[in-house]
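# Fold and contact review
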Amino acid sequence: MRGAYLPGNSTVELREVPDPRPGSHQVLVRIRASTICGSDLRAIYRQHLGSGAEAYQDVIAGHEPAGEVVEVGPDCHRIRVGARVAVYHICGCGQCDDCRRGYLVGCSSPVRAAYGWQRDGGHADFLLAEEDTCVPLPDALTFLDGACVACGFGTAYEALCRGDVSGRDIVLVTGLGPVGLAAGLLAGKLGAPRRIGVDLVPDRLALALRLGAVDEVVPAGDDAVAAIRDLTAGRGCEVTVDTSGTASGRSTALRATRSWGRSVMVGEGGSLTMEVSPMLIHPQITLCGSWVTSTWRMARLVDDLARWELHPEITVTARFPLTEAAHAYQTADASTGGKVAIVMD
Ligand SMILES: [Zn+2]
Ligand SMILES: [Zn+2]
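Reference entry: report on the structure contained in this document.

One finds Phe153 and Leu186 to be the most contacted residues of the largest nonpolar core, which totals 99 residues. Considering every element that reaches this core, the biggest residue donor is helix H3 (residues 143-162), with 11 residues. Those residues in contact with Leu186, other than ones at most four positions away along the chain, are Phe153, Ala156, Tyr157, Leu160, Leu301, Leu305, Trp308 and Leu310. Grouped together as the second largest cluster of nonpolar side chains are nine residues, Ile170, Leu172, Ile196 and Ala256 included.

Given below as C-alpha cells:
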C-alpha cells in the first residue's frame, strides 16, 4: 500500500510499504478520508519540533482518519467487517485513569501512541487501528464528516461541554480555523443564541459567516475586547473559547468573558499573561483547559451530529487524492480557509 511520510523541510514523501495485518484487538481500516491538522503542520511538516507526546517517529502521517473496516483481528468483540468508523487519534494502555475515563490522549503509559506521530496514521490506503479507538459512524454521516470529528469537531465539542454551553450563553470564539469553525457551529446547535467570532484573517471571518459558524465577527486586535463589549451591552460573553493558541487570542477571550462566565482554552502552544485580580478573581471567572476529547464523548458527538444534520465536512475547503498529498500539505500550510482533506474514491 501507499503511505505519506513527513520528513521535515515542508516536504511529503509517498512510500510503498507492506499492507498491515491486524493483530489481537486490532482492525484494518480502508481509509476513505483523512484530514490535515494544524498540529501536523506546526510540529511535523515544517520541521520536527515535538518531544514526548508530540515526537514524530517517521511513521505514516495523518491522525484524523475515517474509513471502512475490511478485516478484524482476534479478540475483537465490538467492531465488525464492514463497519464505517472514525478513529480516535491516540492509542492508550487502557489501564491508567485517563484511559479508563476514555481520555486516551492523557494516557500516562509509555505505550501511548498517536496515529501519525508514533504509529502509522491515516494518510495511506489502509490503517491498522486498535478496536477501542474506533467510533462507528451513523449512516447519515460521510467518511469525510468522520475524519473531521476526532481532532477537530471533537476538540470543539469537548470545549463547549466543559464550558457548559446552553441557550443562556452568548459564545465567543477566538481563532476561526477549523476548530473555531466547529466550535461556532456546535455552539449554535447547543442553543447559543448568539456567537461572536474573532480572527486576524479577513478570509476566515468571511468563511465563518458564510458557513453560519458565527453570527457576528470582530477583527482581532487591540480594539477587539471593546468591540465585543459593545455587542453585548458592555457585559461580555458568558462562554469564551480560545482556539487560536496565541497570547492575544487568549487575552481577548478572557477579557471578553462576562462576570461569572467560563473561559475554555483549547488552542495549543504559546503563553498567557494576566493580572490575576482584575481579569480572573474579581470577575469570578472559571478558566478551564481542555485537551482533545474522549472516546465516549466522540461517540456521543457523532450521534448528535446526525441528529442535528450538521455535516463537519462543510468546513473542508480543499480535497486531494493521496497521490497529491504534497499539494494537500502545501495548501494546508498556506491556508487562510477551512480544513484540507485527503480523500479516496
Ligand atoms: Zn489534529
Ligand atoms: Zn493509559
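On to the coordination of the zinc ion (ligand 2). Six octahedral donors around a metal ideally subtend angles of 90 or 180 degrees, whereas four tetrahedral donors ideally subtend 109.5 degrees. For the zinc ion (ligand 2), the protein coordination sphere consists of Cys93 (SG), Cys96 (SG), Cys99 (SG) and Cys107 (SG), at 2.3 to 2.4 Å. If you look at the zinc ion (ligand 2), its four donor atoms make angles of 101 to 118° with each other, and the shape they trace is tetrahedral. Of note, the zinc ion (ligand 2) draws all its donor residues from one chain, in the sequence arrangement C-x2-C-x2-C-x7-C. Exposure remark for Cys93: the relative accessible area of 25% places this residue in the partly exposed category. Residue classification places Cys99 among the buried positions, given a relative accessible area of 8%.

Looking now at the pattern of salt bridges. Inspection of the entire model under this criterion finds 17 salt bridges. One salt bridge in this structure joins Arg297 and Glu158, with 3.1 Å as the shortest N-O distance. Taken as a pair, Arg297 in helix H9 (residues 295-308) and Glu158 in helix H3 lie far apart in primary sequence, 139 residues in all. Pair check on accessibility: Arg297 and Glu158 agree, each one buried. Arg195 is paired through a salt bridge with Asp215; the nearest N and O atoms lie 2.9 Å apart. Here Arg195, found in strand S11 (residues 194-199), pairs with Asp215, found in the loop between helix H5 (202-211) and strand S12 (216-219); they are 20 residues apart in sequence, far enough to count as distant. One continuous salt-bridge network, built from bridges that share partners, spans Glu13, Arg15 and Asp58.

Reading the values: the criteria
- Residues numbered from 1 in each chain as written.
- Chains lettered and ligands numbered in written order.
- Predicted model: local features only at pLDDT ≥ 70, side-chain atom pairs only at ≥ 80, totals over all residues.
- Heavy atoms only, no water.
- Core = buried A, V, L, I, M, F, W, Y, C linked by side-chain atoms within 4.5 Å.
- Buried < 20%, exposed > 50% of the residue type's maximum accessible area, 1.4 Å probe, protein only.
- Helix = DSSP H or I, 4+ residues; strand = E, 2+ residues; numbered from the N terminus.
- Contact = heavy atoms within 4.5 Å.
- Donors = N, O, S within 2.8 Å, 3.2 Å for Na, K, Ca; no water.
- Tetrahedral: all angles 85-135°; square planar, octahedral: opposite > 155°, others 65-115°.
- Salt bridge = Lys/Arg side-chain N within 4 Å of Asp/Glu carboxyl O.

Keep in mind these numbers describe shape, not what the thing actually does.
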